[in-house]
Amino acid sequence: MPASSVRNLSRQWVDRLAIYRRHRNDEHLEALVEEALRFTGFHLENDLSGSEYWSKAPLARRVAVLLFLVDRGVAVRTMSQGRRVFELIETAEAWVACQEELAPYRVATLELIAALRREQSRRSRPSFS
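Just so it is clear, the structure is predicted and the values come from calculations on it, not from any experiment. (Residues numbered from 1 in each chain as written. Predicted model: local features only at pLDDT ≥ 70, side-chain atom pairs only at ≥ 80, totals over all residues. Heavy atoms only, no water.)

Draft legend 1. Main features of the overall build of the protein. Counting its secondary structure elements, the protein contains 7 helices and 2 strands. In terms of overall dimensions, the protein is globule-like: its C-alpha atoms have a radius of gyration of 15 Å, near the 14 Å expected for 129 residues. Each principal axis of the C-alpha distribution contributes one length, and for the protein these read about 45 × 35 × 25 Å. For the protein, the residues scored as buried account for 38% of the 129 residues in total. In the protein, once contacts between residues fewer than 6 apart in sequence are set aside, the share between residues at least 24 apart is 56%. (Helix = DSSP H or I, 4+ residues; strand = E, 2+ residues; numbered from the N terminus. Rg over C-alpha atoms; globule rule 2.2 N^0.38 Å. Buried < 20%, exposed > 50% of the residue type's maximum accessible area, 1.4 Å probe, protein only. Contact = heavy atoms within 4.5 Å.)

Draft legend 2. Main features of the environment of arginine 38. Secondary-structure assignment places arginine 38 in helix H3 (residues 26-43). Residue arginine 38 is classed as partly exposed on the basis of its relative accessible area, which comes to 42%. With 21 residues separating them along the chain, arginine 38 and leucine 17 place their C-alpha atoms 18 Å apart.

Draft legend 3. Structural view of the pattern of salt bridges. Scanning all chains against the criterion turns up 11 salt bridges. As a salt-bridge pair, arginine 16 and aspartate 15 come within 3.6 Å of each other at their nearest N and O atoms. Residue class for aspartate 15 comes out partly exposed when judged on its relative accessible area of 41%. Taking the shortest distance from any N to any O, the salt bridge between arginine 117 and glutamate 93 comes out at 2.9 Å. With arginine 117 in helix H7 (residues 106-124) and glutamate 93 in helix H6 (residues 92-98), the pair connects residues that are 24 residues apart, well separated along the chain. Salt bridges sharing partners connect three or more residues here, namely Glu35, Arg77 and Arg84. (Salt bridge = Lys/Arg side-chain N within 4 Å of Asp/Glu carboxyl O.)

Draft legend 4. Here's a closer look at the side chain of threonine 40. Checked against the element boundaries, threonine 40 lands in helix H3. Separated by 3.3 Å, the side chain of threonine 40 and the backbone oxygen of leucine 37 make a polar contact. Excluding its chain neighbours within four sequence positions, the residues that come into contact with threonine 40 are Glu45, Leu59, Arg62, Val63 and Leu66. (Polar contact = N/O pair within 3.5 Å; in protein donor to acceptor, adjacent residues only side chain to side chain.)

Draft legend 5. Spatial organisation of the packing of aromatic side chains. In the structure shown here, the tally under the stated rule is 3 aromatic pairs. Taking the centre distance of 4.8 Å and the plane angle of 85° together, the rings of tyrosine 53 and tryptophan 54 count as edge-to-face. (Phe/Tyr/Trp six-rings, centres within 6.5 Å; stacked < 30°, edge-to-face > 60°.)

Draft legend 6. Molecular detail of the environment of histidine 28. Here histidine 28 is to be found in helix H3. Classification of histidine 28 as partly exposed rests on a relative accessible area of 39%. Those residues in contact with histidine 28 that lie beyond four places of it in its chain are Tyr20 and His23.

Structural data, given as structure tokens:
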């Protein structure tokens, strides 16, 4: 993503990620966005390809929504098996349903959350290799 797009994206952060907006080192902000880009591009691609909205939306929009959820504390950045992953809080769907400002985006946001839940479920299953 271009640096200007990353800066514009960070203007939406008012809670947990607000520190990145004020951070003097652009590399940290770019690394955060790169993590989200990799995660949404690799781990959520198949789950979102069936969505009428997300199958046509640019990858940058997935990143923006994911990081919005992280900023608001609905999703949490964690490490799993040496990789950065994003996990949802238990009440993520209820939180989205209660946010009036998300009303026009509710279905798309809930589809992204459902994809995150499926990815989280796959990660928690034991592998039999």
